[in-house]
Every structure is written in C-alpha cells, then in structure tokens.
Amino acid sequence: MSSSEPIASDSSPSNSSGLLLEHLGQVIEQAGGWISFEHFMHLALYEPGLGYYVAGARKFGAGGDFVTAPEISPLFGGCVAKQCAQWLEDVPAQILEFGAGSGALAAQVLNALQRMGRDDVRYSILEVSPDLRARQEQTLRTLVPQALDRVVWLEALPAEIHGIILANEVLDAMPVRLLHFDGAHVVERGVSMGANADLQWAHRPVDFSQIEQLRHMLSRVGWGEPNQWPAPYTFELPDMMSAWVNTVASHLRQGVMLLIDYGFPAAELYHPQRQGGTLMCHARHRAHPDPLILVGQQDITTHVNFTAVAELGLAAGLDLLGYATQANFLLNTGLIEQLSTMAEQAGAVQSLPYMRQAQAVQTLVTETEMGELFKVIALGRGMPDIAMGFLQGDRRHHLGLD
Ligand SMILES: C[S@@+](CC[C@H](N)C(=O)[O-])C[C@H]1O[C@@H](n2cnc3c(N)ncnc32)[C@H](O)[C@@H]1O
C-alpha cells in the first residue's frame, strides 16, 4: 500500500455495492448464517450485475484499481506474441485467451503477430464478465480493426482445444477457501452478517483429514501434521483454480497453456513467516488485506501455487515445457530488442515515447517490481520441449516435483 489513508467505501443501498451487500445478506441468511470464504469471494467478484468484475467499474490501468503487465506496455504482448509465433510452427493457428481484461493483451498479440507476417491466427476469448467482454471488443475495434473478423468470444470451453491458451493474471482472481490453524484446531474461515448488517469473519470446524490437496502439498514441503505447523497460520485452498487447470488441460488436445501470474513454488508459498496467507485486495492502486470492506468495489486475489499448477497439468497428461520468472521470459523473448526497435522508430532515445517504454520495461523486469514475483509457466501436449521464453533461467527444478 502506498499510503495509509483510509479508502472511502460507498455502500449505500442504491448503488451496486449496497445492492451486493443486501444480496450477500440474503444468501448468508438462506445458508443458515454462514457461507465459506470461497462462496463470498465468488459473489463479491462475479455475482451477475453486482460483483467487482461484472459491475462496470474501471478496474484496469492508471484510472482503475490496479495495473497489469499488458496495461503497462505493449512490449509485454509483443514478447508473448514472439513465443506464440514459435509455437504456431507446430500447432493450428488458434489462440484462446481466458479473462482478457480490457483486451489489451489480445490487441498487442494480434498486432505483433501481424507484424511477423502471421495474419492468419484466429483469436478466441473466454471471459466471465459481460462488461469486460464489451470493453474488449471496443479495445480491439480501436487498436486492431483489421483483425476483428478473426476474433470470437466464446460462451463455454470448447470440447477440444488445438492451439495456444493464454491467461495473464486470471488464476489469482479465482475464489479460494481459507483454512486457519490457531495452534490447536484447523477451522474453515467464512463470512456471516453481524447485527448491524455488517460482514464479519466466522469459522466452522473442518475435518483436516478430508482436505486432501492441501495435505498432499504440505507433505510435499515437509510440513507434516498440524501439531508441527507454525501457529497461527492461514492457508488458501485454490479448489476452483485446480478444477480450472484440470479441465482446461484435459480439453487441450494439442498445443500449449501459457499461464502468467504472481506466485511461488509450494516450498516458498508455505513459508513459516507467511502466516496470514497471501490474500490481498486492490482498490485505487492501494493494496490491503481486508476483503470484507468495499465489497464489489475492490479486487480480491491470492498468489498462485505453481507447484500445484504444474502437478495438475502433468496429471492431465501435459508436459511441463518451462517455468521462469516474468523477467527471464520477457528477456528471452526479445524485450530489449523490441525496445531498441522502438528507439529507432521514435528517432532518438531521448524521445518521450521511448523513455516511457524504457521505464515500463523496468517495471516489468526489475526484481523489486514485477520481474521476480510474476512467473510464467508453459504446459503442453504434443509440443517440442524447446520454447524460447525459457531458454535462459528455466526454473522447473524449483517446483519441487519428483
Ligand atoms: C486480474 S484480471 C486480468 C485481466 C487481463 N488478463 C490482464 O492481464 O489485464 C482477471 C480476469 O480474469 C477473468 N476471469 C476470472 N475467472 C475466470 C474464468 N474462470 N474464466 C475466464 N475468465 C475469468 C476476470 O473477469 C478478469 O477479466
């Protein structure tokens, strides 16, 4: 968080945040006074017409709540396109992007591919938010009108996928369950309504022996049974992300999934000092840990467990083609060369557009900004094992797989 000033919430009953709060109250009451955090997060982000991603707030970019890599620089999409171009030598000319946000990445990839002579690539988008879908269409109409007839928006996952799957910062936006260990008991954290119609944390007992995926992950990193854990400790259970990776991977007949997000391998994620977990909220460029305020007006996210993503892909029969930091992936796919080309086109390194892009490149690759925290993973079926994005600095061995 860049400032300690409180962020004002507007949840009067007439606006969408007030309506969402009312709706949450009804759902919680119907459920007997408690809903899991996963259910709460799903409603807060995706409830039709009311949730954060579907209720028309600005969200991305300088005037929104957070900035993602494609909003920072078109060079990001240029690098993704470079990797896609290599893979397109081996797969049908199709890209499927999940959760395309403002449409910036789609526009950048289509533009860059066209500059590389690939104006044959069909681009599908699967987006859960109708509001964002409209925004994506507008972005593409403005930035790549010549490619619009090759873009379609899908209503559901195709039964068979041949080609390249892209998802930038989508896994972190998937609802999670929360488990909390207080030193004696493991409970599931959820949400109830207080006497003043305010949202409150509330927990339920949980049978930890039934929570198989977390047990498996923790045994992988040597945490053993709860009496050996640090306390207090909060874990996120990304059941929805797991189901998504499993389903999408099993629909991929030939091609690659390229997933980009912030996160860690399991051994770094379950660190004794990460006691509060990784849940984070973003509103107007401030990050804070309280999801029960500003409902419907803020993003709620968690860091991705890349060991789990890799394991799920492998279990669905995919090959792990690479795992690297965002910095390494972008440098391997020609970020600096693209910046130099821009300098030549701008006429001078002192030109304002060049200087802006040079600054953006810093943000994308420096360790203290996005370069190290953000990771890129590629899982494929029927693909060669050499991908340019992972030639230097491939960290597959960091994932702790057998
Ligand atoms: C943090 S935003 C990232 C947007 C964009 N990819 C970018 O990099 O700017 C998360 C996006 O994922 C979408 N999303 C979340 N869950 C999804 C799912 N299961 N399928 C498709 N899109 C999803 C959201 O609606 C939103 O567009």
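How each quantity is defined
Residues numbered from 1 in each chain as written. Predicted model: local features only at pLDDT ≥ 70, side-chain atom pairs only at ≥ 80, totals over all residues. Helix = DSSP H or I, 4+ residues; strand = E, 2+ residues; numbered from the N terminus. Rg over C-alpha atoms; globule rule 2.2 N^0.38 Å. Buried ≥ 20, exposed ≤ 12 C-beta atoms within 10 Å, placed from the backbone. Contact = placed C-beta atoms within 7 Å. Near = placed C-beta within 6 Å. Nonpolar A, V, L, I, M, F, W, Y, C, P; charged D, E, K, R; others polar. pLDDT = per-residue confidence, 0-100. Pairing = 2+ DSSP bridges. Right-handed = clockwise from strand over helix to strand, strands pointing away. Core = buried A, V, L, I, M, F, W, Y, C linked by C-beta atoms within 7 Å. Expected span 1.5 Å × (residues − 1).

S.K.: Give a description of the overall build of the protein chain that names residues and reports values.
M.R.: Within the protein chain, the regular secondary structure consists of 13 helices and 16 strands. On C-alpha atoms alone, the protein chain measures out to a radius of gyration of 21 Å, which is about the 21 Å that the 2.2 N^0.38 rule sets for 402 residues. Each principal axis of the C-alpha atoms in the protein chain carries an extent, and together these give about 65 × 50 × 45 Å. Within the protein chain, the fraction of its 402 residues that count as buried is 47%. Pairs at least 24 residues apart make up 79% of the contacts formed inside the protein chain by residues separated by at least 6 positions.

S.K.: An account of the site of the ligand is needed here, citing residue identities and associated values.
M.R.: Surrounding the ligand, one finds 21 residues, the nearest of these being Thr 68, Gly 99, Gly 101, Asn 168 and Glu 169. Looking at the shell around the ligand residue by residue, the class counts come to 13 nonpolar, five polar and three charged.

S.K.: Give me the lowdown on the confidence of the model for the protein chain, citing residues and values where you can.
M.R.: When pLDDT is averaged along the protein chain, the result is 92, and 94% of the positions lie at 70 or above. In the predicted structure, residues 1-14 sits below a pLDDT of 50 and forms 23 contacts with residues beyond four places in sequence or in another chain.

S.K.: Mind laying out the pairing of strand S2 (residues 94-98), listing which residues take part and the relevant values?
M.R.: Among the five residues that make up S2, four are buried, leaving the element largely enclosed by the rest of the structure. Alignment of S2 against strand S3 (residues 122-126), held across five bridges, turns out to be parallel. What sits directly across from Ile 95, in S3, is Tyr 123. For the handedness criterion, the β-α-β arrangement of S2, helix H5 (residues 104-115) and S3 is classed as right-handed. Judged from the three bridges that link them, S2 and strand S5 (residues 161-168) form a sheet pairing that is parallel. Counted as the bridge partner of Glu 97 is Leu 166 from S5.

S.K.: Outline the nonpolar core, listing residues and values.
M.R.: Grouped together as the largest cluster of nonpolar side chains are 118 residues, with contacts concentrated most on Val 109, Ile 165, Met 257 and Leu 258. Every residue in contact with Leu 258, bar those within four places of it in the chain, is listed here: Gln 83, Ile 164, Ile 165, Leu 166, Val 376 and Ala 378.

S.K.: I'd like a description of the environment of Pro 265, backed by residues and values.
M.R.: Relative to the helices and strands, Pro 265 resides in the loop between strand S10 (252-264) and helix H9 (266-269). Judged by local crowding, Pro 265 falls into the buried class, with 24 C-beta atoms found within 10 Å. The spacing of Pro 265 and Val 221 is 44 residues in sequence and 9.9 Å in space, taken between C-alpha atoms.

S.K.: Now, about H5: what can you tell me, with residues and values included?
M.R.: End to end, H5 covers 17 Å across 12 residues, agreeing with the expected 16 Å (1.5 Å per residue, within 8%). For H5, the set of buried residues is Ala 104, Leu 105, Ala 106, Ala 107, Gln 108, Val 109, Leu 110, Ala 112 and Leu 113. Along its buried surface, H5 packs onto helix H3 (69-72), helix H4 (74-87), S2, S3, helix H6 (130-143) and S5. Gly 117 occupies a position one or two residues after H5 and carries a positive phi of about 85°.

S.K.: So what's going on with unusual backbone geometry? Residues and values would help.
M.R.: Residue Ala 231 is joined to Pro 232 through a cis peptide bond whose omega torsion reads -5°. On the secondary structure map, Pro 232 appears in the loop between helix H7 (212-220) and strand S9 (233-237). For Glu 169, which is not glycine, the phi dihedral falls at a positive 55°. Assignment of secondary structure puts Glu 169 in the loop between S5 and strand S6 (177-181). A count of 22 C-beta atoms within 10 Å places Glu 169 in the buried class.

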